[in-house]
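Notes for the structure review
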Amino acid sequence: MPQNTCPRDDFHHVTQWVFDLDNTLYPPEMALFDQIEVRMTAWVMDALKVGKAEADHLRQHYWAKYGTTLAGLMREHNIDPDPYLHAVHDISFDHLQVDHDLIRHINTLPGKRIVYTNGSEPYARNVLAARGLEGCFDAVYGVEHADFNPKPERQAFDMVFAKAGIDGAKAAMFEDDARNLAAPHDLGMRCVHVAPQRETGDHIHHHTTDLTAFLSQLTA
Ligand SMILES: [Mg+2]
């Protein structure tokens, strides 16, 4: 399938729209996650009494193994998630810009629209406000709404989607981490990978480098 194509027929049945937050509702070049990673490394250095190189290694290792650094810290080191989430998300949002086209296209999507992030809900609301997107969604869910189980775990999706009333047969998921599309695919959702690099897999129905452009084809 050519880059950024968006057959509208594939979304005619969709009345529930689920968006990841980081690097999905803002492009990776806005580099918010770079700030978060610096704070994660500092947290790991302090909490586990390790040097920077080891902290960076563990941060990456837990992300790869568990889906998030937090999940590894909780499971292997029993850390308290709340202070961690507060510390790593205490960043500047100055790099985020309002995308009026994105706001307009999201507001045009018919039905329920939610955000589901592996970050926390308060952080997500800060990001949405900085992007001018705070009025676009019916609800915002963070990792705390899945008892701190992260995407890509199936039980995390099950918990959040039960709270949100998401029915996979009627829903679509937009996400930059392709791992996090496997469970939505199994739930029958339309799965859109939003990322600079294309990845292959049966769980990816569409790929786009530009969420605003993709949605413009859906809502035209
Ligand atoms: Mg993301």
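The shown structure was predicted, so the numbers you read here are calculated from the model rather than taken from an experiment.

What counts and how
- Residues numbered from 1 in each chain as written.
- Predicted model: local features only at pLDDT ≥ 70, side-chain atom pairs only at ≥ 80, totals over all residues.
- Heavy atoms only, no water.
- Pairing = 2+ DSSP bridges.
- Helix = DSSP H or I, 4+ residues; strand = E, 2+ residues; numbered from the N terminus.
- Axes fitted to C-alpha atoms, helices over the stretch in contact; angles between N-to-C directions.
- Contact = heavy atoms within 4.5 Å.
- Donors = N, O, S within 2.8 Å, 3.2 Å for Na, K, Ca; no water.
- Buried < 20%, exposed > 50% of the residue type's maximum accessible area, 1.4 Å probe, protein only.

1. Digging into the sheet that holds strand β6 (residues 206-208)
Two strands in a sheet stick together by hydrogen bonds in their backbones, pointing the same way (parallel) or opposite ways (antiparallel). Overall, parallel pairing links the six strands, which are arranged β3-β2-β1-β4-β5-β6 in an open sheet. Edge positions in the open sheet fall to β3 (139-141) and β6, since each of these has one partner strand only. The average angle at which neighbouring strand axes cross in this sheet is 20 degrees, direction not considered. Two elements, strand β5 (residues 190-194) and β6, share three bridges in a ladder whose sense is parallel. The residue bridging V194 from the neighbouring strand is T208, located in β6. Sheet contacts for helix α7 (residues 154-164): β1 (16-19), β2 (112-116), β3 and β4 (171-175); angle to β2, the most-contacted strand, approximately 145 degrees. Across the sheet, helix α9 (residues 211-219) lies against β1, β4, β5 and β6, angled at about 160 degrees from β4, the strand it touches most.

2. Let's talk about the coordination of the magnesium ion
Each protein donor to the magnesium ion is listed here as D20 (OD), D22 (O) and D176 (OD); together their distances run 2.0 to 2.2 Å. In the primary structure, the donors to the magnesium ion are separated according to the pattern D-x1-D-x153-D. Here the residue D22 occupies a position in the loop between β1 and α1 (32-48), and D176 occupies one in the loop between β4 and α8 (182-186), the gap between them amounting to 154 residues. Exposure remark for D22: the relative accessible area of 9% places this residue in the buried category.

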